[in-house]
Amino acid sequence: MRPGFTTLSGLINEGLKHYHLEQGVKAAQAVNVWDRVAGPAVASVTRADIVRDGVLWVFTPSSAWSQELSMLRPNLIAGINAAIGIEAVTDIRFRVKRLPTRRPDEPAPDRLPKTLTADERKLVADLAARLEPDAGAVIGGLAERMMARPDRSGICPVCSGPMDPGRDRCPFCSR
């Protein structure tokens, strides 16, 4: 890295600290680390849903699973907090909900990435070309991944970046 430049991750971390969002972002990561901390057997039949006020909500297939996991609650909380690096989760609550069974390494069907069209790939390449090479590679890769997400498709008519469906501009151009 050249002197006087800050990495993108550094800028993001500075912004999170400045706006006091670091704790919330770290807490939300608890959902992402659930499968790893819980282990493959538990991950194949449960799903972490959301963190609210320090409580991680997890769906289980039956009350028996909820009861069994409740006994492991202290170890699970410690493992999750260790994985995300802060004490963001204070409790875990289990709710029964029928979930389709899947292998832990298999993404949920509604989360499979879509294949970008040639036009979409060209837009990403054009966006990346407008930036410095290092930044263009990072931002281009990020834009491509965001556009490939089935729930985040769409191209901003102003900057050609990814945007939410049903919106007429991306969040940056809407300001």
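Right, let's walk through the structure included here. Remember, it's a predicted structure, so these values are computed and weren't measured experimentally. (Residues numbered from 1 in each chain as written. Predicted model: local features only at pLDDT ≥ 70, side-chain atom pairs only at ≥ 80, totals over all residues. Heavy atoms only, no water.)

### So, the overall build of the chain
Okay, step 1: When you go through the chain residue by residue, the secondary structure sums to seven helices and three strands.
Okay, step 2: N-terminal to C-terminal, the α/β element order of the chain is α-α-α-β-β-α-α-β-α-α.
Okay, step 3: Contacts in the chain between residues far apart in sequence, at least 24 positions, make up 49% of those at least 6 positions apart.
Okay, step 4: Of the accessible surface of the chain, which amounts to about 11600 Å², a share of 56% is contributed by carbon and sulfur atoms. (Helix = DSSP H or I, 4+ residues; strand = E, 2+ residues; numbered from the N terminus. Contact = heavy atoms within 4.5 Å. Areas by Shrake-Rupley, 256 points an atom, 1.4 Å probe, with all protein chains shown as cover.)

### Looking at the pairing of strand 2 (residues 55-60)
Okay, step 1: The buried count for strand 2 comes to five of six residues, which makes it a mostly enclosed element.
Okay, step 2: In the sheet, strand 1 (residues 47-52) pairs with strand 2 via five bridges, with the strands oriented antiparallel. Paired with Val51 across the bridge in strand 2 is Leu56.
Okay, step 3: Adjacent in sequence and paired antiparallel, strand 1 and strand 2 are bridged by two residues, among which Asp53 carries a positive phi angle near 50°.
Okay, step 4: Here six bridges tie strand 2 to strand 3 (residues 91-96), and the two strands are oriented parallel to one another. For Thr60, the partnering residue across the bridge sits in strand 3 and is Val96. (Buried < 20%, exposed > 50% of the residue type's maximum accessible area, 1.4 Å probe, protein only. Pairing = 2+ DSSP bridges.)

### Considering the pattern of salt bridges
Opposite charge on two side chains lets them pair, provided their charged atoms get close.
Okay, step 1: One pass over the structure, following the stated rule, counts three salt bridges.
Okay, step 2: Where Asp91 meets Arg73, a salt bridge forms, and the shortest distance between an N and an O atom there is 3.2 Å. Of this pair, Asp91 sits in strand 3 while Arg73 sits in helix 5 (residues 73-84), and the two are 18 residues apart along the sequence.
Okay, step 3: With relative accessibility at 24%, the residue Arg73 sits in the partly exposed group.
Okay, step 4: Members of the salt-bridge network, linked through shared partners, are Arg73, Asp91 and Arg93. (Salt bridge = Lys/Arg side-chain N within 4 Å of Asp/Glu carboxyl O.)

### Describing the nonpolar core
Okay, step 1: Trp34, Leu56, Ile80 and Ile92 are the most contacted members of the largest nonpolar core, which has 19 residues in total.
Okay, step 2: Here this core gets five residues from one element, more than from any other, and that element is helix 2 (residues 22-38). (Core = buried A, V, L, I, M, F, W, Y, C linked by side-chain atoms within 4.5 Å.)

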